[in-house]
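Chain and residue survey
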Amino acid sequence: MPERFGSRPAGVEARGWGWRHAGRIRWAVDGIDLRVHAGERVLVAGPSGSGKSTFLHALAGVHGGAEEGESRGTLLVDGVEPSAARGRAGLVLQDPDSQVILARVGDDVAFGCENLGVTREEIWPRVGLALEAVGLDVPLDRSTSALSGGQKQRLALAGALAMRPGLLLLDEPTANLDPHGVAEVRDAVGRVLDATGATLVVVEHRLDVWLELVTRLVVFGRDGRLVADGVPDQVLRDHSTALLEAGVWVPGAPAEVEAARPPRTTTAVLSAEHLAIGREPGALVQSGLDLDLPEAASTVLTGPNGVGKSTLALTMGGLLHPIAGRLAASPGLARGLAPEPIRWRSKQLLTRIGTVFQEPEHQFVARTVRDEVGVAVRALGRLDAAAASRVDEVLQRLRLDALAEANPFTLSGGEQRRLTVASALVAQPDVMILDEPTFGQDRVTWTELVRLLRELVDDGTTVLSVTHDAAFLAALGDRHLELTASSGVGRRAA
Ligand SMILES: Nc1ncnc2c1ncn2[C@@H]1O[C@H](COP(=O)(O)OP(=O)(O)OP(=O)(O)O)[C@@H](O)[C@H]1O
Ligand SMILES: Nc1ncnc2c1ncn2[C@@H]1O[C@H](COP(=O)(O)OP(=O)(O)OP(=O)(O)O)[C@@H](O)[C@H]1O
């Protein structure tokens, strides 16, 4: 491979390296001593908010100047400052939405290659190969804004793979993928590494998926310093306590939460009959859906990427018009309003159905974390002492209290996810609809989130969650609905 295409494997060296984001007192990452040889494959794990993404962004050379933060120590990629080695690294961001640049799938995948000066004759075969490798089977002229979350994640990875970088940097690349897609994408990365010999640094909470591909495991602790580094088997054996304390999902050590239990009642709070859904009238995604949400139980909706889970969640949440059929609330939920949630005004919706979107940052409206959590209660004119103390309690339970004054947009991916859940919780809606609620969570924050949702259900809240997370399904799938491409929605017992 000609070198100007950036395919020569690049090593990494950190000596006492640290980064502090502007506006923060704490160093997000500090005292990092790490030498990664060209061609090594490194898995980075650690608690939510421990600086994993910060480190990855630094390696990609995308941190800006003093207005974004300050660094100390030394960080080198291929022997030079990361900003001078930008063409050598391919970064896939945690939030695939923020990485989509161009309007068409093919152009978006080609974008990075064009920047590297790859010839046009070579770009298009690369684009085709990369899309095939990540299993994104859509026309090159498909609009990128019409892709589902999982499809966008595959798109971002295809763009990075097409560049054939010497240093591949992946931030939770499989967090939005269905189980089949997880293995498919990991194997695609493996094949590219085998072919190019590139160095890999991948951040992921779930170790089991990546362990078979990597040669090294590096673990960040809560304070942004390394707590373990070495051959995976050895790190897992010698540091198991430290790893569990750091919230790492150690294989074979599942979270300690109760299993799902069958719904207590068959009374439905929301029922769909022959429902047809889509983002717009001409674009039907599913039709003929019959389903209901049992009261005071937790229903979990699973299914492959792009099948329509988010679309169904938004429709159930009263945010998208059904294309056909009927979605009706029980009289107890409608409380005097028309039965169709789409007809409720936003304030009326707030206390009846709270929806947490798949992409957290689409939801932020306030300037601080504390204000964001209080948005709903303020809209309802209920910011009394009880509401204020509930805000504090939720912040503390979801480990956001130390970030109460931070800007929501500066939070880590996992912190943002917890913030959106916190905001919806505080309004105390009868029904909560959550799209991928455990995205980006470590074992500790995951457990806290799952326990909190179980308590809500015990107290009478009806919860519907969309997820690809098998552990979440085991803990909260009182009712399991599986959406499939051919047969609509199937119901499974807990
Ligand atoms: N742009 C920013 N400005 C200010 N603080 C930031 C910014 N980005 C991240 N932080 C803070 O730096 C810390 C580390 O964040 P980072 O995203 O690196 O964590 P992470 O380990 O990747 O977390 P997660 O597993 O939740 O994605 C967090 O406390 C976060 O709030
Ligand atoms: N904003 C949009 N505009 C038009 N079409 C969209 C939009 N978002 C998604 N789609 C399309 O609608 C279909 C269903 O998408 P949806 O997001 O509901 O899937 P999903 O099951 O939630 O997928 P994932 O698991 O990847 O998040 C997909 O084929 C997708 O391409």
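Reading guide: rules and limits
- Residues numbered from 1 in each chain as written.
- Chains lettered and ligands numbered in written order.
- Predicted model: local features only at pLDDT ≥ 70, side-chain atom pairs only at ≥ 80, totals over all residues.
- Heavy atoms only, no water.
- UniProt positions renumbered as here; feature names shortened; annotations may be inferred.
- Phe/Tyr/Trp six-rings, centres within 6.5 Å; stacked < 30°, edge-to-face > 60°.
- Helix = DSSP H or I, 4+ residues; strand = E, 2+ residues; numbered from the N terminus.
- Buried < 20%, exposed > 50% of the residue type's maximum accessible area, 1.4 Å probe, protein only.
- Near = heavy atom within 4 Å.
- Polar contact = N/O pair within 3.5 Å; in protein donor to acceptor, adjacent residues only side chain to side chain.
- Areas by Shrake-Rupley, 256 points an atom, 1.4 Å probe, with all protein chains shown as cover.
- Nonpolar A, V, L, I, M, F, W, Y, C, P; charged D, E, K, R; others polar.
- 1 Å grid on protein atoms, 1.4 Å probe; cavity = no way out; pocket = protein on both sides within 12 Å on 5 of 7 lines; lining within 4 Å.
- Sits in = over half its atoms within 2 Å of the grid points.
- Pairing = 2+ DSSP bridges.
- Axes fitted to C-alpha atoms, helices over the stretch in contact; angles between N-to-C directions.
- Contact = heavy atoms within 4.5 Å.
- Points joined across faces, edges and corners; volume = space filled by probe spheres on them.
- Domains from an automatic or database assignment.

Per an unreviewed UniProt entry, the chain carries the name ATP-binding cassette domain-containing protein and comes from Agromyces agglutinans. Regarding the chain, the relevant UniProt record gives this comment under Sequence similarities (unreviewed entry): "Belongs to the ABC transporter superfamily."

1. Some thoughts on the packing of aromatic side chains
The relative placement of two aromatic rings is captured by the distance of their centres and the angle of their planes. Tallied over the entire structure, the rule returns 4 aromatic pairs. Between the aromatic rings of Trp249 and Trp446, the centroid separation amounts to 5.1 Å while the plane-to-plane angle is 85 degrees, which identifies the pairing as edge-to-face. In this pair, Trp249 is assigned in the loop between α8 (240-245) and β10 (268-277) and Trp446 in helix α15 (residues 443-458), connecting sequence segments 197 residues apart. Residue Trp249 shares its accessibility class with Trp446, and that shared class is buried.

2. Comments concerning the site of ligand 1
In the vicinity of ligand 1, 21 residues are found, and the nearest of them are Ser48, Gly49, Ser53, Thr54 and Ser412. Ser53 has a polar side-chain atom sitting 2.7 Å from an oxygen atom of ligand 1. At 2.9 Å, a side-chain N or O of Gln94 approaches an oxygen atom of ligand 1. The fraction of the free accessible surface of ligand 1 (640 Å²) that becomes covered by protein chains is 88%. Elements represented by at least two residues in the shell around ligand 1 include exactly α1 (52-59) and α14 (413-426). Residues that form the shell around ligand 1 fall into these classes: 3 nonpolar, 14 polar and 4 charged.

3. Here we look at the site of ligand 2
Ligand 2 sits among 19 residues. The nearest are Ala146, Ser148, Gly150, Lys309 and Thr311. A distance of 2.5 Å separates an oxygen atom of ligand 2 from a polar side-chain atom of Thr311. Between an oxygen atom of ligand 2 and a side-chain N or O atom of His468, the distance comes to 2.9 Å. Relative to its free-state accessible area of 630 Å², ligand 2 is covered by the protein chains to the extent of 84%. Mapping ligand 2 onto the cavity grids shows that it belongs to the second largest pocket.

4. Looking at the sheet that holds strand β6 (residues 167-171)
If you walk across this open sheet you meet the 6 strands as β5-β6-β7-β3-β8-β9, and the pairing is mixed. In this open sheet, the two edge strands, each paired with only one partner strand, are β5 (89-92) and β9 (226-230). Here the strands of the sheet are splayed against their neighbours by 15 degrees on average, with no regard to which way each runs. Here strand β3 (residues 41-45) pairs with strand β8 (residues 216-220) via 4 bridges, running parallel. Among the inter-strand pairings, Val42 is bridged to a residue of β8, identified as Arg216. Docked against the sheet, α1 engages β3, β5, β6, β7 (199-203) and β8, running at close to 150 degrees with respect to β6.

5. Focus: the UniProt feature "domain: ABC transporter" (unreviewed entry) in the chain
Listed under "domain: ABC transporter" (unreviewed entry) in the UniProt record, and renumbered for this structure, are residues 12-248 and 270-493. Secondary structure content for residues 12-248 is 35% helix and 24% strand, while the C-alpha to C-alpha distance between its ends is 24 Å.

6. Describing the sheet that holds strand β11 (residues 286-294)
Here 3 strands make up an open sheet; going across it, the order is β11-β10-β13 and the pairing antiparallel. The open sheet is flanked by β11 and β13 (324-329), the only strands paired with a single partner. Neighbour to neighbour, the strand axes of the sheet diverge by 10 degrees on average, direction disregarded. When β10 meets β13, the two strands line up antiparallel, connected through 5 bridges. Among the inter-strand pairings, Ala272 is bridged to a residue of β13, identified as Leu327.

7. So, the layout of surface pockets
There is about 920 Å³ of room inside the second largest pocket. Along the walls of the second largest pocket sit 42 residues, with Ala146, Leu147, Ser148, Gln151 and Arg279 positioned nearest its centre. Secondary structure elements with two or more residues in the lining of the second largest pocket: α4 (149-162), α5 (179-196), α9 (309-316) and β14 (353-356). Within the lining of the second largest pocket, the residues separate by chemical class into 13 nonpolar, 17 polar and 12 charged. If you count residues domain by domain, the lining of the second largest pocket takes at least three from each of domain 1 (1-246) and domain 2 (268-482).

8. Observations concerning the side chain of Gln151
Looking at where Gln151 falls in the secondary structure, it is placed in helix α4. A polar contact of 2.7 Å, which involves the side chain of Gln151, links it to the backbone nitrogen of Ser148. Once you skip the residues sitting within four places of it in the chain, Gln151 turns out to touch Leu136, Ala146 and Gly306.

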